[in-house]
Amino acid sequence: MDNIIEIKNLTIQYKTDERTVEAVNRLNLTLARGESLGLVGETGAGKTTTALGIMGLIPNPPGIVTEGEIIFEGEDLLKINKHKLRAVRGKKISMIFQDPMTSLNPVATVGDQIAESIRIHEKLSRADATIKAKEMLELVGIPGERYAEYPHQFSGGMKQRVIIAIALSCNPKLLLADEPTTALDVTIQAQVLDLIAKLKKEQNTSMILITHDLGVVAEVCDKVAIMYAGEIVEYGSLTQIYDNTCHPYTKGLFGSIPDLESKADRLNPIPGLMPDPANLPKGCSFEPRCTCSCEKCKSNNPHMVEVEAGHFVKCFNYVKGGNA
Amino acid sequence: MSELLRVENLKKYFKTPKGLLHAVDDVSFSIEKGETLGVVGESGCGKSTLGRCIIHLLEPTDGKVFFEGENITNISGARLKESRKDMQMIFQDPFSSINPRMTVKSIIEEPMVIHKIHNGDKAKQGKAVLEIMETVGLAERLADSYPHELDGGRRQRIGIARALALEPKFIVCDEPVSALDVSIQAQILNLMQDLQEQRGLTYIFITHDLSVVKHISDNICVMYLGTLVEKCTSDKLFEKQFHPYTQALLSAIPIAKANIKRERILLKGEITSPINPAPGCRFAPRCLYAKTECFNRQPELKELEPGHFVACHLY
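Keep in mind that what you see is a predicted model, and the values were worked out from it rather than measured.

Cut-offs used in this document
- Residues numbered from 1 in each chain as written.
- Chains lettered and ligands numbered in written order.
- Predicted model: local features only at pLDDT ≥ 70, side-chain atom pairs only at ≥ 80, totals over all residues.
- Helix = DSSP H or I, 4+ residues; strand = E, 2+ residues; numbered from the N terminus.
- Rg over C-alpha atoms; globule rule 2.2 N^0.38 Å.
- Contact = placed C-beta atoms within 7 Å.
- Pairing = 2+ DSSP bridges.
- Axes fitted to C-alpha atoms, helices over the stretch in contact; angles between N-to-C directions.
- Core = buried A, V, L, I, M, F, W, Y, C linked by C-beta atoms within 7 Å.
- Buried ≥ 20, exposed ≤ 12 C-beta atoms within 10 Å, placed from the backbone.
- Domains from an automatic or database assignment.
- Parallel < 35°, antiparallel > 145°, perpendicular 65-115°, else oblique.
- Left-handed = near helix turned anticlockwise from the far one by under 90°.
- Nonpolar A, V, L, I, M, F, W, Y, C, P; charged D, E, K, R; others polar.
- Expected span 1.5 Å × (residues − 1).

**Some details on the overall build of chain A**
Point 1. Scanning chain A from N- to C-terminus turns up 10 helices and 12 strands.
Point 2. A compact globule built from 324 residues should have a C-alpha radius of gyration of about 20 Å, and chain A, at 21 Å, falls within 12% of that.
Point 3. Within chain A, counting contacts between residues at least 6 apart in sequence, those at least 24 apart form 64% of the total.

**Thoughts on the sheet that holds strand β11 (residues 305-308) of chain A**
Think of a sheet as strands paired side by side through backbone hydrogen bonds, with each pair either parallel or antiparallel.
Residue and element names in this part refer to chain A.
Point 1. Strand order in the open sheet formed by eight strands is β6-β7-β8-β3-β9-β10-β12-β11, and the pairing between neighbours is mixed. Among the strands making up the open sheet, the edge pair consists of β6 (93-96) and β11. Pairwise comparison of adjacent strand axes, ignoring direction, gives a mean angle of 20° for this sheet.
Point 2. Bridge analysis of strand β7 (residues 174-178) against strand β8 (residues 206-211) gives five bridges, and the strand direction is parallel. Counterpart to L176 in the pairing with β8 is I208.
Point 3. Sheet contacts for helix α1 (residues 47-55): β3 (36-40), β6, β7, β8 and β9 (223-228); angle to β7, the most-contacted strand, approximately 150°.

**Here's the deal with the nonpolar core**
Point 1. If you look at the biggest cluster of nonpolar residues, it comprises 175 residues, and the most contacted ones within it are L209 of chain A together with A161 and I204 of chain B.
Point 2. Considering each element in turn, this core owes the most residues, eight residues, to helix α5 (residues 156-168) of chain A.
Point 3. If you count residues domain by domain, this core takes at least three from each of domain 1 (3-86 + 168-311) and domain 2 (98-167) of chain B.
Point 4. Apart from the residues within four sequence positions on either side, L209 of chain A is in contact with S36, L37, G38, L39, A177, V217, V220 and C221 of chain A.

**Looking at the interface of chain A and chain B**
When the parts come together, some accessible area is lost, and that loss is often what is quoted as the size of the interface.
Point 1. Taken residue by residue, the interface counts 35 residues in chain A and 33 residues in chain B.
Point 2. Where the side of chain A that touches chain B is concerned, the elements lending two or more residues are α6 (186-203), α7 (214-220), α8 (238-243) and α9 (248-256) of chain A.
Point 3. Sort the elements by how many residues they give to the side of chain A that touches chain B and α6 of chain A lands first, with seven residues.

**Thoughts on the environment of S2 of chain B**
Residues and elements named next belong to chain B.
Point 1. Among the secondary structure elements, S2 is positioned in the segment before β1 (3-16).
Point 2. Between the C-alpha atoms of S2 and I31, which are 29 residues apart in sequence, the distance is 8.7 Å.
Point 3. For S2, the contacting residues outside a window of four places in its chain are E32 and K33.

**As for the packing of helix α3 (residues 110-121) of chain A against helix α4 (residues 126-139) of chain A**
All names here are of chain A.
Point 1. Orientation of α3 relative to α4, taken along the N-to-C sense of each, is 120°, at an axis distance of 8 Å. Taken as axis vectors, α3 and α4 run oblique relative to one another. Every pair of crossing elements has a handedness; the one defined by α3 and α4 is right-handed. Each of G111, I114, A115, I118 and R119 in α3 lies in contact with α4, whose residues at this interface are A129, T130, K132, A133, K134, M136 and L137.

**With respect to unusual backbone geometry**
All names here are of chain A.
Point 1. A cis amide bond links N60 to the next residue, P61, at an omega of -10°.
Point 2. Mapped onto the fold, P61 is located in the loop between α1 and β4 (63-72).
Point 3. With omega at 5°, the peptide bond leading from P61 into P62 counts as cis.
Point 4. Inspection of the secondary structure assignment puts P62 in the loop between α1 and β4.
Point 5. If you check the backbone angles, A229 has positive phi at about 45° while not being a glycine.
Point 6. The topology assignment puts A229 in the loop between β9 and β10 (231-237).

**Regarding the environment of T66 of chain A**
Residue and element names in this part refer to chain A.
Point 1. Inspection of the secondary structure puts T66 in strand β4.
Point 2. Given 15 C-beta atoms within 10 Å, T66 falls into the partly exposed group.
Point 3. Between the C-alpha atom of T66 and that of N25, which follows or precedes it by 41 residues, the distance is 9.8 Å.

**What to know about the packing of helix α3 (residues 104-114) of chain B against helix α4 (residues 122-135) of chain B**
Residues and elements named next belong to chain B.
Point 1. Contact geometry of α3 with α4 gives a least axis separation of 10 Å together with a crossing angle of 115°. Handedness of the α3/α4 crossing: right-handed. Contacts between α3 and α4 pair K105, I108, E109 and M112 from the former with Q125, A128, V129, I132 and M133 from the latter.

**Digging into the sheet that holds strand β2 (residues 19-32) of chain B**
All names here are of chain B.
Point 1. The strand order across the open sheet built from four strands is β2-β1-β4-β5, with neighbouring strands paired in antiparallel fashion. Since the sheet does not close on itself, it has two edges, and those belong to β2 and β5 (70-71), each with one partner.
Point 2. Note: strand β4 (residues 62-67) against β5, two bridges, orientation antiparallel. In the strand pairing of β5, F66 is matched with N71.

**A short note on the domain arrangement of chain B**
All names here are of chain B.
Point 1. Taken as a whole, chain B is organised into domain 1 (3-86 + 168-311) and domain 2 (98-167).
Point 2. On a C-alpha basis, the centres of domain 1 and domain 2 stand 29 Å from each other.
Point 3. Taken together, the contacts link 10 residues of domain 1 with 10 residues of domain 2.
Point 4. At four residues, helix α6 (residues 182-199) tops the list of elements feeding residues into the side of domain 1 that touches domain 2.
Point 5. Each residue belonging to the side of domain 1 that touches domain 2 can be placed in one class, and the counts come to eight nonpolar, one polar and one charged.

**Looking at helix α5 (residues 152-164) of chain B**
Residues and elements named next belong to chain B.
Point 1. Between its terminal C-alpha atoms α5 stretches 18 Å, which fits the 18 Å expected from 13 residues at 1.5 Å a residue.
Point 2. Counting buried positions over the 13 residues of α5 gives 12, a clear majority of the element.
Point 3. Looking at α5, one finds that the buried residues are G153, R154, R155, Q156, R157, I158, G159, I160, A161, R162, A163 and L164.
Point 4. Summarising the contacts, the buried residues of α5 are in contact with β6 (87-90), α3, α4, β7 (170-174) and α6.

If you want it as C-alpha cells, here you go:
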C-alpha cells in the first residue's frame, strides 16, 4: 500500500544538566494514505512528543531528536531545511492541539487566525483569504458572521471547532490530532468526533489521533498503536487490538475501564506506576508492573513480534486469545 | 437500611452583573446509609455546587439539608465544626487541593489537630496517621515528603487519607478520578470501594464520566443546567432511559469495543446560559422532541416506574 508517512527508529530525548529523559525510544510507525491511526497511551508515554517530532516542533533545548528518520512523501523531514519544513508544516501536515482554551490567540479574531494560515500557504489576497476562512468556519458548523469575534466569545466546543478549521484550512495530507476532545463534555465530544470523521472522509486526509481514551479510538480509527514509556508495545488493526489483545499492558488498560454492559464488582488495574523516563528499566520497560514477567524480561528488551498478519507485539510472553 | 442524608428543594443562585445564575435549582433526593449516589452531568450543570452546598462550603439560597434526621441547613459555629467530623470532601484536582508547603504527614494530621481527636497525644496521633496512610496505600517512607515529590495518583491518595482522618460517615467526592490516568483511576476506584465496605461509608460521587458512575454507584442522579432530570438505580438507568437528555448522554459515550455500530443521538447546539434562564424545561432548546409546553412550564419529577423519576413533559 501507499504509505503517507514512515517513521523509522525515531528517538527523542530531553537533555538537561542533571539528567536525560528518554521520551521516545526507537519508534517505528507507518501509516497508509487515508487511514487513521490511534496512538494510545497514558500521561508521559511520549505521544505528544512523537507528534511534535513529526511537526519539527520539539523545543530545542532541551529536546533533541538523536536518531531516526521521518519519511513523508519521499523526503526525510528531519533532514530538509527549515524553509522547506515550514512549507510542509500547516500545509501538508497540520496539527490539532489538545487544549482549545490556550491554543488560540486571545487578541486576534478567530477569522483572522484561520485566514493567517491560508495566507501563509496559499498565495491568496487578503479578501480571498477572508472568504475562504468564512467557508472554513461554515464547514465546521460556525456561522460565517462570527468571523470577527474573539476566542473568549466562544465556548470550549466552538473553540475546538475553530482549531479544526485552522488545521484543515489548507487541505492537509496528514492530520495530527492531539487529544482533540479530552477537554470537552461527552455530548460536545460526540459532535466534534463526528465532524472530524466527516471532514476526513471528504478530504481523504490521513490522521494520527493521539488519545488516552480507548472508546474514542474505537469510534474513529482503523489502526491502533499502544505506547508505553516511549515505545510502541502493540500495533495492529482495530479488531486485532480490541478482540485479540496480546500485550499485558494493553490488557491492563482494557481491565481498567469500567464496562458499561457488564457489572463487574472490581476493576483490574495495572499495579504500580509508569517508570521514570529518566531512569528506564534495563530490560522491558513494562517488566516492573507486568503480571507475567520472567527472568528474561528483566535483562533483555524484547523486539516486536508479528503474532498474526499486521499485528505486532513487543513482549516475550505474549498471551494468545482475547481474555486469557 | 436507614436514611443518612436528605436534600429538599435545594437552590443555589449566584449574583452576577448580568443577573441571577441558577447553579442549582430545586433539587431533592435522599441517600441511604452505606450507599453511593452518583451525580452525573456536563460541566456547568451545577453538580459541584450541589456537593459544596450539602457540606456547607457554600450557603444554599433556599431549601433544606437533613443529616441523620437533623436539619443542618443553618447550623454555624461550634455545631458546624462538629458536623465536619461526619462529613468530608475529596476534591477534584489533586494538584491544587493540597498545601504544597506541608508534608504528607502534616496534611493528614491537620484535621485531627483541629478537632483535638487525640487531645495532644503526639505519639497516638502519629500512629493514627501511619495507619490511615497504610489504609489508602501510601508507603510509610513518604510521610515526610512534600506533595510535589509525588505523582497524581499518590496525591489523590493523600486527599482521600485527609478526608478519612476524622472517620466521617459521609464523603462528597467531587470528580476524584478525573485528573488521573485510566490505570491509576482504576486503582483509586478500587480503593474507594474497599474503604466503603470496611467502614460503611456513604458517598456522593460527582463525575462527568458515565462509565465510572455506573461502576461505583447504587443510584444515579442526572443533572442538566441546575435541575435534576432523571433519577433511579444505576442498573436501571443504563437499561432504560426516559429523559431525552439522558438518552443522548448515554449514546454519546464512546465504547471501547471494536466493530460496534450504534445509533448515536447527536444533540444540536450547546448548553444554554444558566443566568436568568427562560421559563420552561432547561433542556428544551436542544431537545429533539420539544413541544410548546416545554418552553412554557418547567416539568416536575414524576415517578414513571417504581423508583425511576423523570422530569419531562413527554411522559
